[in-house]
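The primary structure of each chain is shown beneath.
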Amino acid sequence: MPTLIGFVLMMLVRYLVARKRGTKFAPFAAYTQPFSRSLRTLLWFSISAFAAIIEIVLLVGAFASSGQLEMVLAALVGGAILAVWWMSGRWLLALARRPGAPPPRLLYILAQLLSVFSLTDESSAGALLIAAVRIAHARPATAEERAWLWSKVRRQKRGFGTLACAAAVLLLLDARAARDEGRPAAARDALLQARGLLGTVSYAGSKGAPKLVRRLAGDLHALVSAELGDWGFVAIAEEQWLSDDVKQLRAVVIEHMGDPRAGLPPLPEPRSILARIPRLPRSPRPPSPLAVAMQARLADAPDGPVTLPFEEAQEQARVVHATLSRGEPVAVHEQFLVLAVFDTLLSPQAPMTVIPEVMRADTEAVAAMQEDVAQGLSGLLVDLPPPLAALRSYGPVSARVHRTIESRLLGDLQATCDRANRRVKDKWRGTPYEEWLEATNIRQAFRRLEHTLGTPAAVQAWPIYSAAAGRLGVSFSETKPRRRPLAHCMFHSLYKDAQRFDDPANVKQQGHNMRVTT
C-alpha cells in the first residue's frame, strides 16, 4: 500500500511539472528522472511511510495507555530513519576516511541504496566519490579498481559537480599510481588536470554541487597546489571551503609569504539566517600534521633574501635541473635559481661565464648558444611555468625563456579558444566528463597565462577568452542535454574575472547568466 501511494504521488508531481513547463505529460519519459532513481525514491518512500505508520500506531498506543516510553520510542524511530537518509552522504564520506572501513564496492552499493546527495540527484556520482575516497585513504589503487571507477564515470549521464569531483579524485589516484611506477611526467599531468577540475567545481552553486562536495574540492585543490609547489594558490584559497586542517596549513603559508588577499574587499556576508547565528565556542583542535610539517620546514628559513656562494648555487641548480628533466614539479624559487645560474654562466661579461674567451666577441655564436639553452629550459618549464612576471630583472637566458613561454601560452590560449568556438558552431556535445574537461581546459589556459605573465598580459587576452568561454557556457546551458550547473561554474568564473579587470559590461552579462543558470 505505501508503495502504491508513493507511485501515485510521483505521477502527480510529474504531471504538475509538465503542466508548469507547458510540455506533454509523459509518466515514464527519460527526461523526468532515471528509472533507478525512481526505484530508490519508491523504496525510501515505502520505508518512510512504513515508519510513519509504526510511529502513528505507537503514538496512539501511548496516548491510549497514558505511557511515555512508547512515545519516545516512536519519535526515535522516525528521527533515526530521517537522519540516516538526510545525512547519509556525510556519514558515508566520513566512514570512507576511517581505517577499517568497509570495502569500496560495499560503500558504493550502500551509497546507491541510501540515495546520497539526493537534493542534486547525484546518488550514482556520490557513490563513485565515496568509493574513490575510500580507496585513496586505504591503499594505492590497483589498475582493476581504477578501471572499474573510470568505466562508471564515463557512463554517467548527470553532469553535476559531484561527478567532476569524483573524476578529480580518480585523477589523483592515477597520479599516485604513475608516480609509484616511475612516470613522474604522467603523474604531474594528472595532478594538473585534477587541480583544474577541482578549481572548476569551486565555482559551483548550491544547486550544482552539495556543500560537502565543494568543501572537499577546496581542500583537495589546496593540497594539490602545495604538492606542485604553488603555495600562492594555498594562500588565496577561501576559508569557507577549507577544513580545519587545511586552514591551519594556509595560516602557516600566509605567516611566511604574506596574505595575497590583503588589499581585496571582504567576502559578502551569507544571506542565510541560520548562517548568521553565532556558534558556540569549541574546544581548541589539536594542531594539524600538515601545518606542523610545514612549520618545521619553514622554521629555519630566513626572513629576507639569501645570497649563496656561486658554487653552492650552481650545485643546487644542477639538482633542480635534473628534477625538472625527470618531469617532477619543483618550487618557484628553485626555478628562479636555475634561470639566475644560467644567466650568469652564459653572460659574456660575468666573471663565472663558461663561454670560451675566443667566442665572447662573436655575438652571433653567443646568441645561438643562449638561444639553444633557453629553448631547452623552456621545454622543461612550460608545463608548470613559474610567475615570470615576478622577476625583477632579466638576463640573456631568462629573457629568451620569457619570450618563448609567452609565445607558447598565448598560442595555447588562442588554440583553446578556437576549439571552443568550433565546438559551439558544430553544436558539439559529449559525455558529462568530457564537457567538464572542455570547460576546465579553457579556464586553465587563461589561468596559466595570468599566473605566468601577470595581470597586464591577462587583461590583453581577456576579450578573446571571455568571448569564447561565454559562448561555450551558453552552449552548455541552452543546447540539449542542458548542463546548467557546469554553465553556472563558467559564468561565475567569468563574473569574478570581469570584476577584477573592471569590465562592467561583462559583469552585468555574466551576472545575468549566473541568475539564469542558478
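For the structure itself, look to the data block above.
Residues numbered from 1 in each chain as written. Predicted model: local features only at pLDDT ≥ 70, side-chain atom pairs only at ≥ 80, totals over all residues. Heavy atoms only, no water.

Peer 1: Lay out the overall build of the chain with the relevant residues and their values.
Peer 2: Helix and strand content of the chain: 21 helices and 0 strands. Out of the 518 residues in the chain, the part that is buried amounts to 45%. A sequence separation of at least 24 residues applies to 67% of the contacts in the chain between residues at least 6 apart. Accessible surface for the chain amounts to roughly 28,100 Å². Of this, 61% is attributable to carbon and sulfur atoms. (Helix = DSSP H or I, 4+ residues; strand = E, 2+ residues; numbered from the N terminus. Buried < 20%, exposed > 50% of the residue type's maximum accessible area, 1.4 Å probe, protein only. Contact = heavy atoms within 4.5 Å. Areas by Shrake-Rupley, 256 points an atom, 1.4 Å probe, with all protein chains shown as cover.)

Peer 1: Give a detailed account of the nonpolar core, specifying residues and quantitative values.
Peer 2: Leu197 and Ile442 are the most contacted members of the largest nonpolar core, which totals 109 residues. In terms of residue count, helix α8 (residues 161–180) provides more of this core than any other element does, 13 residues in total. Non-local contacts of Leu197, meaning those with residues more than four positions away in its chain, are made with Ala164, Ala167, Ala168, Leu171, Tyr433, Trp436, Leu437 and Thr440. (Core = buried A, V, L, I, M, F, W, Y, C linked by side-chain atoms within 4.5 Å.)

Peer 1: Go over empty space enclosed by the protein with me, naming the residues and quoting the values.
Peer 2: Under the counting rule described, the total for this entry stands at 3 cavities of 30 Å³ or more. Looking at the largest cavity, its volume works out to about 70 Å³. For the largest cavity, the full set of lining residues is Thr200, Ala439, Ile442, Arg443, Tyr465, Ala469, Cys489, Met490, Ser493 and Leu494. For the lining of the largest cavity, the elements supplying multiple residues, two or more each, are α18 (432–453), α19 (455–478) and α20 (484–500). A total of 4 residues in the lining of the largest cavity trace back to one element, the largest contributor, which is α20. The wall of the second largest cavity is formed by Arg188, Leu324, Glu328, Pro329, Val330, Gln335, Leu380 and Leu384. Across the lining of the second largest cavity, the residue classes break down as 5 nonpolar, 1 polar and 2 charged. (1 Å grid on protein atoms, 1.4 Å probe; cavity = no way out; pocket = protein on both sides within 12 Å on 5 of 7 lines; lining within 4 Å. Points joined across faces, edges and corners; volume = space filled by probe spheres on them. Nonpolar A, V, L, I, M, F, W, Y, C, P; charged D, E, K, R; others polar.)

Peer 1: I'd like to hear about the packing of aromatic side chains, residue by residue, with values.
Peer 2: Summed over all chains, the structure comprises 7 aromatic pairs. Here Trp462 and Tyr465 contribute two aromatic rings whose centre-to-centre distance is 6.0 Å and whose plane-to-plane angle is 55 degrees, an arrangement assigned as tilted. On the criterion of helical spacing, the pair formed by Trp462 and Tyr465 is a turn pair, its members being 3 residues apart in helix α19. Aromatic pair Trp462 and Phe501: ring centres 5.4 Å apart, planes at 65 degrees, arrangement edge-to-face. (Phe/Tyr/Trp six-rings, centres within 6.5 Å; stacked < 30°, edge-to-face > 60°.)

Peer 1: Before we move on, could you go through the side chain of Ser493 and cite the residues and values that matter?
Peer 2: Positionally, Ser493 belongs in helix α20. A residue is classified by how much of its surface remains accessible, and Ser493, at 1% relative accessible area, is buried. When sequence neighbours within four positions are dropped, the list of residues in contact with Ser493 reads Tyr203, Arg443, Arg447 and Tyr465.

Peer 1: Provide a residue-level description of unusual backbone geometry, including the pertinent values.
Peer 2: Here Lys480 and Pro481 are connected by a cis peptide whose omega angle stands at -5 degrees. Among the secondary structure elements, Pro481 is positioned in the loop between α19 and α20. Within the chain, Lys427 stands out as a residue other than glycine whose phi angle is a positive 55 degrees. Following the sequence through the fold, Lys427 ends up in the loop between α17 (396–425) and α18. Here Asp502, not a glycine, exhibits a phi torsion of approximately 55 degrees, which is positive. As for its placement among the helices and strands, Asp502 is situated in the loop between α20 and α21 (504–517). Since its relative accessible area comes to 66%, Asp502 is described here as exposed.

Peer 1: Explain the environment of Pro481 residue by residue, including any values.
Peer 2: Look at Pro481 and you get partly exposed, because its relative accessible area is 41%. When the C-alpha atoms of Pro481 and Arg429 are compared, they prove to be 8.0 Å apart, with 52 residues separating the residues in sequence. Contacts of Pro481, omitting those with residues within four sequence positions, involve Arg429 and Phe476.

Peer 1: Explain the packing of helix α4 (residues 88–96) against helix α5 (residues 104–114) to me, using residue names and the numbers behind them.
Peer 2: Relative orientation of the contacting elements α4 and α5 amounts to 170 degrees, with a least axis distance of 10 Å. The orientation of α4 relative to α5 falls into the category roughly antiparallel. Touching Ser88, Leu92, Leu95 and Ala96 of α4 are Leu107, Leu110, Ala111 and Leu114, all from α5. Looking at the contact of α4 with α5 residue by residue, the class counts come to 7 nonpolar, 1 polar and no charged. (Axes fitted to C-alpha atoms, helices over the stretch in contact; angles between N-to-C directions. Parallel < 35°, antiparallel > 145°, perpendicular 65-115°, else oblique.)

Peer 1: Lay out the environment of Val397 with the relevant residues and their values.
Peer 2: Structurally, Val397 can be placed in helix α17. Beyond its immediate chain neighbours, meaning those up to four positions away, Val397 contacts Phe342, Asp343, Leu346, Val373, Ala374 and Leu377.

Peer 1: Account for the side chain of Lys152, naming residues and giving values.
Peer 2: Its location among the elements puts Lys152 in helix α7 (residues 143–154). Buried charge without a salt bridge: Lys152, with Glu145 as the nearest opposite-charge side chain at an N-O distance of 14 Å. Excluding residues within four positions of it along the chain, Lys152 makes contact with Tyr108 and Leu128. (Lys, Arg positive; Asp, Glu negative; His and termini not counted. Salt bridge = Lys/Arg side-chain N within 4 Å of Asp/Glu carboxyl O.)

Peer 1: Pulling in residues and values, what's your account of the environment of His492?
Peer 2: Relative to the assigned elements, His492 resides in helix α20. His492 sits 15 residues away from Val507 along the chain, and the two C-alpha atoms are 9.9 Å apart. Excluding residues that lie within four positions of it along the chain, His492 makes contacts with Tyr203 and Met514. Here Tyr203 takes part through its backbone oxygen, which lies 3.0 Å from a polar atom of the side chain of His492. (Polar contact = N/O pair within 3.5 Å; in protein donor to acceptor, adjacent residues only side chain to side chain.)

Peer 1: How would you explain the packing of α17 against α19 if you had to name every residue and give the values?
Peer 2: Between α17 and α19, the shortest axis-to-axis distance is 9 Å and the interhelical angle comes to 30 degrees. Classified by the interaxial angle, the pair formed by α17 and α19 is roughly parallel. Taken as a pair, α17 and α19 cross one another with a handedness that is left-handed. In this structure, α17 uses Leu413, Gln414, Cys417, Ala420, Asn421, Arg423 and Val424 to contact α19, whose residues at the interface are Ala461, Ile464, Tyr465, Ala468, Arg471, Leu472 and Ser475. Residues of the contact of α17 with α19, tallied by class, amount to 9 nonpolar, 3 polar and 2 charged. (Left-handed = near helix turned anticlockwise from the far one by under 90°.)

Peer 1: How would you sum up the pattern of salt bridges? Please name residues and give values.
Peer 2: Inspection of every chain in the model, using the stated rule, returns 20 salt bridges. Close ionic contact of Asp412 with Arg448 constitutes a salt bridge, the shortest N to O distance being 3.2 Å. Pair noted here: Asp412 is in helix α17 and Arg448 is in helix α18, with a separation of 36 residues, a long-range link. Across the pair Glu438 and Arg419 runs a salt bridge whose closest N-O atoms are separated by 3.3 Å.

Peer 1: Residue-level account of helix α6 (residues 123–138), with values.
Peer 2: For α6, built from 16 residues, the straight-helix expectation of 22 Å at 1.5 Å per residue is met to within 8% by its first-to-last C-alpha distance of 22 Å. With 12 of 16 residues buried, α6 lies mostly within the body of the structure. When α6 is considered as a whole, its buried residues turn out to be Ser123, Ala125, Gly126, Ala127, Leu128, Leu129, Ile130, Ala131, Ala132, Val133, Arg134 and Ile135. (Expected span 1.5 Å × (residues − 1).)

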